Amino acid sequence: MDTNAIQLAVPPFTLAIASGKGGTGKTTLATALAEAAGIPVTLRDCDVEEPNAHLFVQPQWHSHTEQTRPVPLIDAERCTACGACAKLCQFNAIAIAGGQSMVFAELCHSCGGCRRICPEGAISDKEVVIGTLDCGTQRKNPAAPINFMQGKLAIGQVMAPPLIRATKNIAAPEALNILDCPPGTSCPMITAVRGSDFVILVTEPTPFGLNDLELAVKTVRQLQLPFAVVINRADIGDTRVRTYCDSNNINIALEIPWKRKIATAYSKGDSLCDAAPKLKEQLHTMLQHIMHREEMA
Amino acid sequence: MNVAFSATGSELDSDLDQRFGRAKQFIIVNTETNAASILENTQNMNAAQGAGIQAAQNVVNAGATAVVTGNCGPKAFQVLQAAGVKIYHTKQPSVEAALKALLAGELEEADSANVEAHWS
């Protein structure tokens, strides 16, 4: 594979692994790609509501830091209940009732608008812990270590995007960035894929897989991100996903077969590359193709 | 007393909307004069979040001193309570029937929300 070593794109390349439907194999693919790359990789688990890539990477952790976000703290002494903040807030996080202001912090999106607009200067930032940022390294292949990072949302917190942004922004040496994104097509997924150089949408050839793939395709097209599809468990279901991709000029970059040995490895937290060495080569080739394509663009 | 009823239509015989935050609209009845006015709630019906809070805020701003509705969640309840607005939960089918029940003293003032907080 050395003869075939990937030329790192400059600036560093970011590849997002996303899907519409959950459970299609984003984490399986993201962790396998990190291993198959054969070059230093930074793998970031952006699925902060349920990060699980660490189960497959098994990194040696070296830091866990708390991440916070600001919410308004209103000084009742200075507040005149004028309502400017409540009127400005697009998320209904502030109400004025009975001559006083009330903050519903869980609805706040931390835009800081209320603090800026308050004519009395009565609003300051209160930092609330939303989760942790965990960093580690895996040196299974000493020549190509995996720098591993994950965001983990604290129990009871619902605002995933700020933590996803923080996970994407943890400083790392220049390397291929692989993002394991949250499922769906709402704010968390969009926050995760935004700004990537390329997106892989993982799907499965089932009616659910197709329905959610169509939503994901619309999303990445609106974000104007180049993308391709990987079909996982390719020999189950029907042909509608392939027909859809063909008729919409969508590149199917890889099909991963439905194999018992892959499922067994997955259930034990073993690597896909070890379970299916031939697939490792295919992943390497696909990665090379994707990064090369971007260089050409 | 100005009473805000969550309603699915603009007439007194309209159905009582079981939802507070995402009610179609509010009919505000002055129980002394019997005058009724409409408070639109379309914006909150379609809000991504915080519909109850904003609906409560609007009802308070409109000068209502009591709310009659099917269900009211904890955040809306908190806003209404802070403004001293009384809350009555009822299963009465129409605004008219709910008004009649209120005037007959058949509705009991709620001391807490009767449904859980929810997202969108």
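The structure presented is a predicted model; accordingly, all values stated were derived computationally and were not measured. (Residues numbered from 1 in each chain as written. Chains lettered and ligands numbered in written order. Predicted model: local features only at pLDDT ≥ 70, side-chain atom pairs only at ≥ 80, totals over all residues.)

1. Notes on the overall build of chain B
Phase 1: When helices and strands are tallied, chain B shows four helices and five strands.
Phase 2: For chain B, the succession of helices and strands along the chain, N to C, is β-β-β-α-α-β-α-β-α.
Phase 3: In terms of C-alpha radius of gyration, chain B reaches 13 Å, essentially the compact-globule figure of 14 Å for 120 residues.
Phase 4: The dimensions of chain B, computed from C-alpha atoms along their principal axes, are 35 × 25 × 25 Å.
Phase 5: In chain B, buried positions account for 44% of the 120 residues.
Phase 6: Taking as baseline every contact in chain B between residues at least 6 positions apart, the subset at least 24 positions apart corresponds to 49%. (Helix = DSSP H or I, 4+ residues; strand = E, 2+ residues; numbered from the N terminus. Rg over C-alpha atoms; globule rule 2.2 N^0.38 Å. Buried ≥ 20, exposed ≤ 12 C-beta atoms within 10 Å, placed from the backbone. Contact = placed C-beta atoms within 7 Å.)

2. Things to note about the nonpolar core
Phase 1: Judged by nonpolar contacts, the single largest core of 65 residues is most densely connected at Ile17(A), Ala18(A), Leu33(A), Ile178(A), Ile200(A) and Leu201(A).
Phase 2: The dominant element in this core, judged by the number of residues it contributes, is helix α1 (residues 26-36) of chain A, at six residues.
Phase 3: Setting aside chain neighbours within four positions, we find Ala18(A) in contact with Lys26(A), Cys181(A), Met189(A), Ala192(A), Val193(A), Val199(A), Leu201(A) and Ala216(A).
Phase 4: Residues Ile96(A), Ala97(A), Ala56(B) and Ala76(B) belong to the second largest nonpolar core, which totals 55 residues. (Core = buried A, V, L, I, M, F, W, Y, C linked by C-beta atoms within 7 Å.)

3. Topic: the sheet that holds strand β1 (residues 2-7) of chain B
All names here are of chain B.
Phase 1: Here five strands make up an open sheet; going across it, the order is β3-β2-β1-β4-β5 and the pairing mixed. Taken across any chain shown, the strands that pair with only one partner, and hence form the sheet edges, are β3 (36-40) and β5 (86-89). Mean inter-strand twist for the sheet, computed between neighbouring axes without regard to direction, equals 25°.
Phase 2: Relative to β3, strand β2 (residues 25-30) runs antiparallel, the two being bridged by five bridges. Bridging from a neighbouring strand, Val 29 pairs with Ala 36 of β3.
Phase 3: Lying on the sheet, helix α4 (residues 95-103) is in contact with β1, β2, β4 (66-69) and β5; it crosses β1 at an angle near 145°. (Pairing = 2+ DSSP bridges. Axes fitted to C-alpha atoms, helices over the stretch in contact; angles between N-to-C directions.)

4. So, the domain arrangement of chain A
Phase 1: Each assigned domain of chain A is listed with its residue range as follows: domain 1 (8-67 + 132-296) and domain 2 (76-121).
Phase 2: Computed from C-alpha atoms alone, the centre-to-centre distance between domain 1 of chain A and domain 2 of chain A is 39 Å. (Domains from an automatic or database assignment.)

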